[in-house]
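Analysis of the macromolecular model
Here is what each chain is made of, one letter per residue.
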Amino acid sequence: MRVVAYLLLALIALSAQSVVVKSLGFQLTRLEVTAAFVVFAGLRLPGLKGAALAFAVGYMADIFTGRPTWLYVFLSVLSFLSTRLLAHWVEFRKPLHYSLLTAVVSSACTLLGCFLSWLTAKPNELSAWPLLAGLPFEALIALCSAALLWPFLIRIYPRQESTEVYIH
């Protein structure tokens, strides 16, 4: 039931994000909301379950762009794995730490997404590099969206699920 609530909240947040992006006239759907869900999964959920949820949220983000290229799926799973790796060295228990990590992950995903788009783009296609001018604004939006989503996400998964296996 928690998985359904998590995915439903992600669907609602992505729907709201797409309405805001379209009404403001941005070209591409950004990763602010997606990063908040993926980072939370990386900090709170065990490996396979968290990776599956990161995949699902990335897939929904990819569908919401209108041009499914599997880029957001790749970036979501990579962000989940990076967050899991980073969480072994640094503790992110407070909402502010989570929000800051979400802003960093969103910025890193934007940079990597622009680079991968540049690698695969045809010479006459519109480049994704002009999106880099809005990177500080995007990081701020990611920080704010993570702070707004924290209370909802913490109600779905109130404590970190154990990844240890106990043998009786």
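This one's a predicted model, so the numbers in the text were calculated from it and none came from an experiment.

1. Concerning helix 5 (residues 95-120)
- Taking 1.5 Å per residue, 26 residues should reach 38 Å; helix 5 reaches 37 Å between its end C-alpha atoms and fits that length.
- In the core, the buried residues of helix 5 are packed alongside helix 2 (32-44), helix 4 (71-87) and helix 6 (135-156).

2. Quick word on unusual backbone geometry
- Positioned with a positive phi, W70 is a non-glycine residue whose angle comes to about 70°.
- On the secondary structure map, W70 appears in the loop between helix 3 (47-65) and helix 4.
- What makes W70 partly exposed here is its relative accessible area of 47%.

3. Focus: the packing of helix 2 against helix 6
- The geometry of helix 2 relative to helix 6 is characterised by a closest axis approach of 8 Å and an angle of 50° between their N-to-C directions. Judged by the angle between their axes, helix 2 and helix 6 are oblique. For the element pair helix 2 and helix 6, the recorded crossing hand is right-handed. Residues E32, V33, A36, F37, F40 and R44 of helix 2 form the contact with helix 6, whose own contacting residues are E138, I141, A142, S145, A146, L149, W150, L153 and I154.
- Among the residues forming the contact of helix 2 with helix 6, the class breakdown is 11 nonpolar, 1 polar and 3 charged.

4. Concerning a nonpolar patch on the surface
- Taken together, the side chains of F55, Y59, I63 and W70 define a hydrophobic patch exposed on the protein surface, amounting to about 410 Å² of accessible area.
- Residue placement: I63 occurs in helix 3.

5. Comments concerning the side chain of S76
- Here S76 shows up in helix 4.
- Classification of S76 as buried rests on a relative accessible area of 2%.
- In this structure S76 touches T34, V38, A54 and G58, once residues within four positions along its chain are discounted.

6. Some points on the packing of aromatic side chains
- Taken as a whole and judged by the stated rule, the model has 7 aromatic pairs.
- For the pair Y59 and W70, a centre-to-centre distance of 5.5 Å together with 45° between the ring planes defines the contact as tilted. Residue Y59 is located in helix 3, and its partner W70 is located in the loop between helix 3 and helix 4; the two are separated by 11 residues in the primary sequence.
- Three or more aromatic residues link up through ring pairs in this structure, and these residues are Y6, F37 and Y157.

7. Structural notes on the nonpolar core
- Ranked by size, the top nonpolar core spans 35 residues in total, and within it Y6, F37, F40, Y98, L153 and Y157 carry the most contacts.
- Those elements giving two or more residues to this core turn out to be helix 1 (2-24), helix 2, helix 3, helix 4, helix 5 and helix 6.
- In terms of residue count, the dominant contributor to this core is helix 2 (9 residues).
- The contacts of Y157, once residues within four sequence positions are left out, are R2, V3, Y6, F40, R44, L45, K49 and L53.

8. Looking at the environment of V77
- Mapping V77 onto the fold places it in helix 4.
- The class of V77 is partly exposed, set by a relative accessible area of 24%.
- For the pair V77 and L53, spaced 24 residues apart in sequence, the C-alpha separation works out to 8.9 Å.
- Look past the residues within four positions of V77 in its chain and what remains in contact with it is A51, A54 and F55.

So, how was this worked out
Residues numbered from 1 in each chain as written. Predicted model: local features only at pLDDT ≥ 70, side-chain atom pairs only at ≥ 80, totals over all residues. Heavy atoms only, no water. Helix = DSSP H or I, 4+ residues; strand = E, 2+ residues; numbered from the N terminus. Expected span 1.5 Å × (residues − 1). Contact = heavy atoms within 4.5 Å. Buried < 20%, exposed > 50% of the residue type's maximum accessible area, 1.4 Å probe, protein only. Axes fitted to C-alpha atoms, helices over the stretch in contact; angles between N-to-C directions. Parallel < 35°, antiparallel > 145°, perpendicular 65-115°, else oblique. Left-handed = near helix turned anticlockwise from the far one by under 90°. Nonpolar A, V, L, I, M, F, W, Y, C, P; charged D, E, K, R; others polar. Patch = residues over 30% accessible without salt bridge, like charges linked within 9 Å, V, L, I, M, F, W, Y side chains within 5 Å. Areas by Shrake-Rupley, 256 points an atom, 1.4 Å probe, with all protein chains shown as cover. Salt bridge = Lys/Arg side-chain N within 4 Å of Asp/Glu carboxyl O. Phe/Tyr/Trp six-rings, centres within 6.5 Å; stacked < 30°, edge-to-face > 60°. Core = buried A, V, L, I, M, F, W, Y, C linked by side-chain atoms within 4.5 Å.

Honestly, it's all geometry; don't read function into it.
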